[in-house]
Amino acid sequence: MPLLDVHELTTHFHTREGVVRAVNGVSFRVEPGETIGIVGESGSGKTVASLSLLGLIPAPPGRIENGTALFDGVDLLACGPKTLRSIRGRAISMIFQDPMTALNPFMRVGDQLMEPLQVHRGLSRREARTRAEEMLRLVGIQDGARNLSAWPHEFSGGMRQRVMIAMALITRPHLLIADEPTTALDVTIQAQILELLARLQRELGMAVILITHDLGVVARVCRRIYVMYAGQVMESAATEALFARPRHPYTEALLQSLPSTHVKGEPLHTIPGLPPDLIAPIAGCPFAPRCASATDRCTRGAPTLRELVPGRATACFRVQDGEL
Amino acid sequence: MTRPLLELRELRVHFPVYAGLVRRRLLGTVRAVDGVSLDVAPGETVGLVGESGCGKSTLARAVVRLVPCTGGTVGFEGREISALREPAFRAIRPRLQLIFQDPYASLNPRMTVFDALAEPLRVHGLADGRDVLRRVSDLMELVGLAPRFMRKYPHEFSGGQRQRIAIARALALEPKLVIADEPVSALDVSVQAQILNLIARLREQMGLTLLFIAHDLSVVHYLSHRIAVMYLGRLVELGPAGEVFHRPRHPYTRALISAIPVPDPVREKTRQRVALHDEPASPLNPPSGCPFHPRCPWAEPRCAETVPPLESCGDGHQAACIRLDQM
């Protein structure tokens, strides 16, 4: 049984300009202990989808229009704020892209680390402090006692992200949602943080949803990948299969536009045009206007994500019909 | 051999750091750029890579005098421009342009595309009257924007389109040298490819010399003839792009290249990674000797003693490591 089973999640924002269809019928699942990747460019809806699960969408203007998200038998989208509060930060934790804005600048690092333990586990200050020190050591910050009384601004970006991770994992959650956790960091620090996440995942046996735009990062750490575009899942597959043979024109175009897949000097493949405006209703496949393989049919009807073989699904008519 | 277009000699940019609001006392000096020597030949593209805080952007800014140099010289077109007085420097400035990372911040939100592109032409007296309109629409076409959008404001454009406007603005004065400071870092992959192609095309078309600054080595490798690697204010490796990328000699470059995630899960599984401990030291308090030695897996005691100079290791390839012969 999956740890998290999201079905037809739909989140819209009702703004003065119109309805922004940020997430449109997204389904995915996470097995206990596995790492999945949700990949997409800015505006693809990957962050809104994960915030929706935790009830962190500002409402209004945001509204979850449809869908279920079963976590351990509880529907996160229907369970109400009280239940959600008891799950968030305890069974499901989240880390964000920018560790500077995600930490409270007016609270000492130690107090921020101890807070979830005191709130969720009812530990005393002293017990929480011991656990916080242990956790700092686990994420590779030595001299825990001194660093607990430091302020966030005294830490570098990499150190802050370690603190964020320590904060998210201190309650030993079953699921960690990591939204671009290394995007703001340098590559050598990124490598350290990814290694740290993988090690902690093994040690704590938790599942991870990694949200990123970086195809290299997902190739390194994820077992399965969902590719999002314009608020929909375009393709899902095991990591090796996806990179070896993408089964959606968008994934293919995305992989081809990476400089590292090119011989030096030859022009890079580009995807013409821009992602669609999510306020205007989209008839047909959202990628069709930019797709080199699109036919009339692609602009008339909207394809749905359909399984080709077990564990491998695509939302492209032409691939589904064996034409591509 | 032709004379380099840009010649940096022992360039230094140091910033004093003070503490206290009323009684200011000197805390120390940040050695953002600490003795960098680099030549860029006409028509050449040199990629400058390094992690945040290594001084690569400060170097770019020092060349165009957005920050003052504290030592060393900058030569351009055979003249030492770092010694020039302000009016003389301003006469050179059109031929020396900068493109910034964030196209959201580098364009004035209250100026239309037309205003943004017409301003440099007018300031430097390159066009007036109807000529301005013609030049602006030419520039827009050059960077792949429809001239009918010239009365629009920056917020009406996407990130990629804004970067095109910023590039057009830098090219308005037909510069010889363009310094591009992380021009594609803020963009999505598919848009990044469009802008990289644009830069490559303009380089050929206009015969531009390019100092291309980025933290993404695969992007730099794709575009550059030579790559310079910077760490804590110093160059640690310099050489032909393919050499530096495929056969890095300095331990830091090796770590940097091995840390880049490759979009290939099969290779990712088997790839050896150079594990680094710690994080870069603060440029306020750099380590003694080789700036990289506290993080270097190959370091030995003598690395803490002297700062290794850049030494040749074959065909225009240089690295600053005292264990170079063993690397």
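What comes next is a walk through the structure. Every chain is numbered on its own, with residues counted from 1 as its sequence reads. By the order in which they are written, chains take letters starting at A while ligands take numbers starting at 1. Confidence filtering applies because this is a predicted model: local features only for residues at pLDDT of at least 70, side-chain atom pairs given and counted only at 80 or more, and all residues used for totals across whole chains, interfaces and linings. Hydrogen atoms and water are omitted, and side-chain values are computed over all heavy atoms in the structure.

## Thoughts on the nonpolar core
Grouped together as the largest cluster of nonpolar side chains are 67 residues, with contacts concentrated most on V136, I167, F212, L217, L223, I227 and V229 of chain B. Strands here mean DSSP runs of E at least two residues long; helices mean DSSP runs of H or I at least four residues long; both are numbered from the N terminus. In terms of residue count, the dominant contributor to this core is helix α6 (residues 189-206) of chain B (eight residues). Throughout, a contact is declared for two residues whenever any of their heavy atoms are within 4.5 Å. Once residues within four sequence positions are removed from consideration, F212 of chain B is found in contact with T45, V46, G47, L48, A180, P183, L196, I199, V219, V220 and L223 of chain B. Put simply, a nonpolar core is a bunch of buried Ala, Val, Leu, Ile, Met, Phe, Trp, Tyr and Cys residues held in one set by side-chain atoms that sit within 4.5 Å of each other. Each residue's exposure class comes from its accessible area (1.4 Å probe, protein chains only) as a fraction of the maximum for that residue type: buried when under 20%, exposed when over 50%, partly exposed otherwise. I141, L148, L278 and A288 of chain A belong to the second largest nonpolar core, which has 61 residues in total.

## A few points about the packing of helix α4 (residues 109-121) of chain A against helix α7 (residues 157-169) of chain A
Residue and element names in this part refer to chain A. α7 packs onto α4 with a crossing angle of 25 degrees between their chain directions and a minimal axis gap of 8 Å. Taken together, the axes of α4 and α7 lie roughly parallel to each other. When α4 is examined against α7, the residues V109, Q112, L113 and P116 are found in contact with a partner set consisting of V163, A166 and M167. Ten residue types, Ala, Val, Leu, Ile, Met, Phe, Trp, Tyr, Cys and Pro, are classed as nonpolar, four, Asp, Glu, Lys and Arg, as charged, and the remainder, Gly among them, as polar. Within the contact of α4 with α7, the residues separate by chemical class into six nonpolar, one polar and no charged. Orientation is described by lines fitted to C-alpha atoms, with helices fitted over the stretch in contact, and by angles between N-to-C directions that extend from 0 to 180 degrees. Roughly parallel means an angle under 35 degrees; roughly antiparallel means over 145; roughly perpendicular covers 65 to 115; every other angle is labelled oblique.

## Thoughts on the layout of surface pockets
The computed volume of the second largest pocket comes to approximately 1,200 Å³. Each cavity reported here is a set of points on a 1 Å grid over the protein atoms alone in which a 1.4 Å probe fits but cannot get out, each pocket an open set with protein on both sides within 12 Å along at least five of seven lines, and each lining residue one with an atom within 4 Å of a point. Around the second largest pocket sit 47 residues that line it, and S156 and I189 of chain A together with D278, E279 and P280 of chain B are the ones nearest its centre. Elements represented by at least two residues in the lining of the second largest pocket include exactly α6 (144-148), α7 and α8 (187-204) of chain A together with α9 (251-259) of chain B. Among the elements that make up the lining of the second largest pocket, the one with the highest residue count is α8 of chain A (seven residues). For the lining of the second largest pocket, the per-class residue count stands at 23 nonpolar, 13 polar and eleven charged. Grid points are joined across faces, edges and corners, and a volume is the space filled by probe spheres set on the points.

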